[in-house]
Structure formats: C-alpha cells, structure tokens
Amino acid sequence: MIPEQKTLWKAAVKAREQAYAPYSGYQVGAALSIEGSEAVISGCNVENASYGGTICAERVAVCRAVAEHGPDIRISAVVLVTATPAPPCGLCLQVLSEFAKGDLPVTLATPTGMHRTYTLDDLLPIRFDNANLEQNP
Ligand code: THU
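Analysis parameters
- Residues numbered from 1 in each chain as written.
- Predicted model: local features only at pLDDT ≥ 70, side-chain atom pairs only at ≥ 80, totals over all residues.
- Heavy atoms only, no water.
- Phe/Tyr/Trp six-rings, centres within 6.5 Å; stacked < 30°, edge-to-face > 60°.
- Helix = DSSP H or I, 4+ residues; strand = E, 2+ residues; numbered from the N terminus.
- Buried < 20%, exposed > 50% of the residue type's maximum accessible area, 1.4 Å probe, protein only.
- Core = buried A, V, L, I, M, F, W, Y, C linked by side-chain atoms within 4.5 Å.
- Contact = heavy atoms within 4.5 Å.

Draft legend 1. Highlighting the packing of aromatic side chains. Under the definition given, this model contains 1 aromatic pair. Taking 5.6 Å as the distance between ring centres and 40° as the angle between the ring planes, the aromatic pair formed by Y23 and Y51 counts as tilted. Of this pair, Y23 sits in the loop between α1 (5-16) and β1 (29-34) while Y51 sits in the loop between β2 (41-44) and α2 (57-69); the two residues are 28 residues apart in sequence, bridging distant segments of the chain. Y23 sits in the partly exposed class, given a relative accessible area of 40%.

As structure tokens, this is what we get:
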C-alpha cells in the first residue's frame, strides 16, 4: 500500500520536532514516499556553527531514502512542515528533481494541517538535469 498524504504529514510533523536549528530557530520537517514501497522517509533540518554546513530537512530525507533504498528510487510524494507554509528552497528542489518527475506532488503544511499541493514543475519549471550534461560536446 502506498503511504497516504496524511501519513507523510504526521511523519514530517514528528521529524520537525527533532530539528537542530539553534541559529535560525526555524524548524523544518519533511517526509517523502518512494514508488513501489510502503516506506515513509523523514528528515529535519540540521544546522551548523559554520552556517554553510547546514542541511535542509528535504535533503536529509532524500539522502536517507538513497542510503536506505538505493540509487534507483523515484520519489512519489513530499510533505513539508513549517510553522507557516513555505516552499522548499531552490537547492532542495534541485536535489528532489534528481529522483523525481515533474508531476511530483509537493505539499506545504503546518503542524496543524495541510495547506496546498504544488508539483515540482510548478516550483522548479526549468531544471538542470543529466540531459544537459549529455549535451556537452
Ligand atoms: N530549511 C529547510 O530545512 N528547508 C528548506 O527548504 C528551506 C530552509 C532550513 C535551513 C535552515 O536550517 C533554516 O531552514 C533556515 O533557513
């Protein structure tokens, strides 16, 4: 059975409670599902005293997904939980796009409920991908 959106939301809310965000005070939780699996994979942001070392919640979840399920995964849904609804940053959209198609649903949510679902195409309409690398003469 494919995990339902509410299951992803609950996991993202829980993951957000683990956020390590002493510098920004901005806690983020993410949860995603992958095609052909019942797994729910979550992540939270992990900040660093060297600010550039900070890793966003979505990228933690994507890295966990690859580490746990291998490199051939396709992400089928993402739910992001913040105090007020906010989209993934550009870097996270790029990383998500490595393992997803343009119709990937990305739901913005808060700890009290779901807000709105966009597709990856909505949020990152023109993407750099491996096809661009292949066009390199
Ligand atoms: N953050 C995420 O976890 N995901 C995003 O898509 C945007 C930003 C985190 C990084 C940092 O810990 C905090 O939010 C403030 O930028």
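Draft legend 2. Quick peek at the nonpolar core. By size, the foremost hydrophobic cluster in this structure holds 23 residues, and its most contacted members are L32, I75 and L104. Elements that contribute at least two residues to this core include exactly β1, α2, β3 (75-81), α3 (90-97) and β4 (105-110). Among the elements that take part in this core, α2 stands out by supplying 4 residues, more than any other. Those residues within four positions of L32 in sequence are excluded, and the remaining contacts are L8, A39, V40, I41, A61, V62, A65, I75, A77 and V78. Listed in part, the 10 residues of the second largest apolar core include A12, V13, V79 and A109.

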